[in-house]
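Here is how the chains run, residue by residue.
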Amino acid sequence: MCVCQTMEVGKYGKNATRSGDRGVLLEPFIHQVGGHSSMMRYDDHTVCKPLITREQRFYESLPPEMKEFTPEYKGVVSVCFEGDSDGYINLVAYPYVENEAVEQDDMPERDQPRRKHSRRSLHRSSSGTEHKEEKPGLASDSTESSIQETKSPRVDLHIHSDVPFQMLDGNSGLSSEKISYNPWSLRCHKQQLSRMRSESKDRKLYKFLLLENVVHHFKLPCVLDLKMGTRQHGDDASEEKAARQMKKCEQSTSATLGVRVCGMQVYQLDTGHYLCRNKYYGRGLSIEGFRNALYQYLHNGIELRKDLFEPVLAKLRSLKAVLERQASYRFYSSSLLIIYDGKDSRAGMFVERRPEMRLKRVDSSLPEGLQDGGSTEPGSSAQPKVDVRMIDFAHSTFKGFRDDPTVHDGPDMGYVFGLESLINIMEQMREENQ
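Residues numbered from 1 in each chain as written. Predicted model: local features only at pLDDT ≥ 70, side-chain atom pairs only at ≥ 80, totals over all residues. Heavy atoms only, no water.

Novice: Quick question: what am I supposed to make of the packing of helix H7 (residues 287-297) against helix H10 (residues 413-432) here?
Specialist: A packed helix pair is summarised by two numbers, namely the angle formed by the two axes and the spacing between the axes. Remark: H7 packs on H10, axes separated minimally by 11 Å, with the N-to-C direction vectors making an angle of 65°. Of the possible angle classes, the one that applies to H7 and H10 is roughly perpendicular. Between H7 and H10 lies a crossing of right-handed hand. From H7, Phe290, Arg291, Leu294 and Tyr295 reach across to H10, where they touch Leu422, Ile425, Met426, Gln428, Met429 and Glu432. (Axes fitted to C-alpha atoms, helices over the stretch in contact; angles between N-to-C directions. Helix = DSSP H or I, 4+ residues; strand = E, 2+ residues; numbered from the N terminus. Parallel < 35°, antiparallel > 145°, perpendicular 65-115°, else oblique. Left-handed = near helix turned anticlockwise from the far one by under 90°. Contact = heavy atoms within 4.5 Å.)

This is the structure we're talking about:
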């Protein structure tokens, strides 16, 4: 039983799932398409992830002009690992108050620098929550490869998507399984719970970062997760880890383009499903394969979303200009999310073309996102809503940050190179499909 179950929780965002009015029950974030740290849904507007101090401090230190391109940082919560007699496991969030007596670096891995950092409370709520050591639950490659050998914890999921997900396998065929969450999300969640369960005798409390849910505004979020830059290892990485990361870059489009696919989901109007890809697919792509993956991400199963080119390109060019002004910054191992809505203004027209429907209006059995107001005429000039956000800053650095011994000159040209490649490929695709 968790020590903090008697805590009263202050007022949080609406639509947060309560655990006996004492905490917020965390659920897997069903639209997580990449990464190895489990993202959890806190409420409709907020997600959370295991806290790494370097990433937390980086969010706090962001230059103002970068904030448009990163999730809003909302603070920290204590997360309690709870199991019941039936074997089901829950994660419950409580207000976090820093305990000076037990504060310590949170990443005991060999590639995390061990240095003191400033101590200050990040959450404005107050409680008597006891805080023990911090440690992020990040999966190593060996953990990922052996996950099938580990007995998975039982997970009782309350949040589901109205739209099924289908994972594309290595042979580009559809998997037979249709599920109500991105399969990568559940994979990460089960790995996270397995690690926490293995530590449960020693520790019940963890620190999680609260971040903006950047897909909240999209009814049918189509998400592309891109690992950016020509280098992925941080300055603090061990020789072994640096060599491992360099090999991944050399064998993928990270070396040739400065960017590789880390995961994606794209809504298909012809089937009513999300199609999903994961990072293993992305690692094996050639330059042409990367172009094809980008094309697939922009294709809704019926046609290429040519209306997305200009708004996405505008965001990428703006981000490139911002990063070119950030001298000494390095964003090693960070990712870039590109997001658009699978529910576009022509949804009603496309639905009529689905042979199994044969309707002149949108059928009520469709996901709610395709029913309401869909439908301006096909020639509508309204630009679709898109978003571009940088995420994952656990290995980022800049001059003067946490007394990092290595100081870099100029902007992160590996990251900028990746943005240039992305812009060039999209511009070529636009020209070829005018």
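Novice: Please clarify how the packing of helix H8 (residues 309-323) against H10 should be interpreted in this entry.
Specialist: Two elements in contact, H8 and H10, have axes separated by 10 Å at closest approach and are oriented at 160°. Taken as axis vectors, H8 and H10 run roughly antiparallel relative to one another. Regarding H8 and H10, the two cross each other, and that crossing is left-handed. Every residue of H10 that contacts H8 at Phe309, Glu310, Val312, Leu313, Leu316, Arg317, Leu319, Lys320 and Leu323 is listed here: Tyr415, Val416, Leu419, Glu420, Leu422, Ile423, Met426, Glu427, Met429 and Arg430. In terms of residue class, the contact of H8 with H10 is built from 13 nonpolar, no polar and six charged. (Nonpolar A, V, L, I, M, F, W, Y, C, P; charged D, E, K, R; others polar.)

Novice: Please explain the pairing of strand S13 (residues 335-341) as it appears in this structure.
Specialist: Each regular strand carries side chains that alternate between the two faces of the sheet. Across the seven residues that make up S13, a large majority, seven, are buried. Side chains of S13 alternate between two faces, with Ser335, Leu337, Ile339 and Asp341 and Leu336, Ile338 and Tyr340 buried alike. Two elements, strand S9 (residues 221-228) and S13, share seven bridges in a ladder whose sense is antiparallel. Its bridge partner being in S13, Val223 is matched across the sheet by Ile339. Here six bridges tie S13 to strand S14 (residues 386-391), and the two strands are oriented antiparallel to one another. By the bridge assignment, Ser335 is partnered in S14 with Ile391. (Buried < 20%, exposed > 50% of the residue type's maximum accessible area, 1.4 Å probe, protein only. Pairing = 2+ DSSP bridges.)

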